[in-house]
Amino acid sequence: MSKMTVAVAQTLCSDDVQANYEKAERMIAEAAQKGAQLIVFPENMNYVGPADPTKTESVPDGEGCRRMAAAAKKHGMWVNLGSIKERSDTKPYNTSVLFTPEGEVQAIYRKLHLCDMQGDSRSNPTRESDYVRKGEEIVVTDIGNCKIGMSICYDMRFPEQFRIMSEKGAQIICHPSCFS
């Protein structure tokens, strides 16, 4: 594996999808100007708020994917769109998309492990499966001279996924998360 400069986009996203995408575009430009070849955004990078079907989009041809692909191409860098809610025929997926420096989709990963737990209070359980559809595939892909594994947030509690990614040759793991 050769050296790669990676930018981590630490951003506080809101319920304003347009403002979140504008911020992401500025962050991609800044990361490229500082020499990054890959930028990784957080989970729910385009929208944080109550479940809302109008805040979902098609992958890879939705507005956010088109904008992030154009920014990747403009700045000649890999862009990991942490995750967005991908429209489906039932509940949306929590989906991470990786774009090439040419603005093409390299990989799409849909979160495998949904966060269903009691949390700190029995009166406030977390049941992501009530409003998100589970993915079905472990994803490892090539980026230049190395392989990258993709996961999202709660996946971290399932080490078997990471063992499998390692067996498939992953040298880097992109693991965007949105913890409160």
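Look above for the structure.
Just so we're clear, the structure is a prediction, and the values are computed from it rather than from any experiment. (Residues numbered from 1 in each chain as written. Predicted model: local features only at pLDDT ≥ 70, side-chain atom pairs only at ≥ 80, totals over all residues. Heavy atoms only, no water.)

(A) Fine view of the packing of helix α1 (residues 17-33) against helix α2 (residues 63-75). Here α1 crosses α2 at 15 degrees, and the two axes come no closer than 10 Å. Viewed along their axes, α1 and α2 adopt a mutual orientation that is roughly parallel. Here the hand of the crossing between α1 and α2 comes out right-handed. Note on element contacts: α2 touches α1 through Glu63, Gly64, Arg67, Met68, Ala71 and His75, opposite Gln18, Tyr21, Glu22, Ala24, Glu25, Ile28, Ala29 and Ala32. Across the contact of α1 with α2, the residue classes break down as seven nonpolar, three polar and four charged. (Axes fitted to C-alpha atoms, helices over the stretch in contact; angles between N-to-C directions. Helix = DSSP H or I, 4+ residues; strand = E, 2+ residues; numbered from the N terminus. Parallel < 35°, antiparallel > 145°, perpendicular 65-115°, else oblique. Left-handed = near helix turned anticlockwise from the far one by under 90°. Contact = heavy atoms within 4.5 Å. Nonpolar A, V, L, I, M, F, W, Y, C, P; charged D, E, K, R; others polar.)

(B) Structural detail: empty space enclosed by the protein. Under the defined criterion, the tally for this structure stands at one cavity of 30 Å³ or more. Together, Thr11, Cys13, Asn20, Lys23, Ala24, Phe41 and Met45 line the largest cavity. For the lining of the largest cavity, a count of residues per class yields four nonpolar, two polar and one charged. (1 Å grid on protein atoms, 1.4 Å probe; cavity = no way out; pocket = protein on both sides within 12 Å on 5 of 7 lines; lining within 4 Å. Points joined across faces, edges and corners; volume = space filled by probe spheres on them.)

(C) Main features of the sheet that holds strand β10 (residues 172-174). Strand order in this open sheet of three strands is β8-β9-β10, and the pairing throughout is mixed. Looking at strand neighbours, the two that pair on one side only are β8 (139-143) and β10, the edges of this open sheet. Taken pair by pair, the neighbouring strands of this sheet meet at an average axis angle of 35 degrees, ignoring direction. Of the strand pairs in this sheet, strand β9 (residues 146-150) and β10 are connected by three bridges, and their pairing is parallel. (Pairing = 2+ DSSP bridges.)

(D) Main features of the side chain of Thr95. Tracing the backbone through its elements, the reader meets Thr95 in strand β4 (residues 93-99). Residue Thr95 is classed as buried on the basis of its relative accessible area, which comes to 0%. Side chain to side chain, Thr95 and Glu86 meet in a polar contact 2.7 Å long. (Buried < 20%, exposed > 50% of the residue type's maximum accessible area, 1.4 Å probe, protein only. Polar contact = N/O pair within 3.5 Å; in protein donor to acceptor, adjacent residues only side chain to side chain.)

(E) Region of the structure containing the sheet that holds strand β1 (residues 6-8). In space, the five strands of this open sheet follow the order β1-β2-β3-β4-β5, with mixed pairing throughout. Looking along the sheet, the strands with just one partner apiece sit at the ends: β1 and β5 (105-110). When strand polarity is set aside, the average angle formed by the axes of neighbouring strands in this sheet is 20 degrees. Here β4 pairs with β5 via five bridges, running antiparallel. Across the sheet, the residue bridging to Ser96 is Tyr109, located in β5. Across the sheet, α2 touches β3 (78-86) and β4, and the angle it forms with β3 is around 175 degrees.

(F) Expanded view of the nonpolar core. Residues Ile39, Met45, Met68, Val79 and Phe99 are the most contacted members of the largest nonpolar core, which totals 25 residues. Sorting the residues of this core by element identifies α1, α2, β3 and β4 as the ones contributing at least two each. Excluding its chain neighbours within four sequence positions, the residues that come into contact with Met68 are Tyr21, Ala24, Glu25, Ile28, Met45, Val79, Leu81 and Phe99. (Core = buried A, V, L, I, M, F, W, Y, C linked by side-chain atoms within 4.5 Å.)

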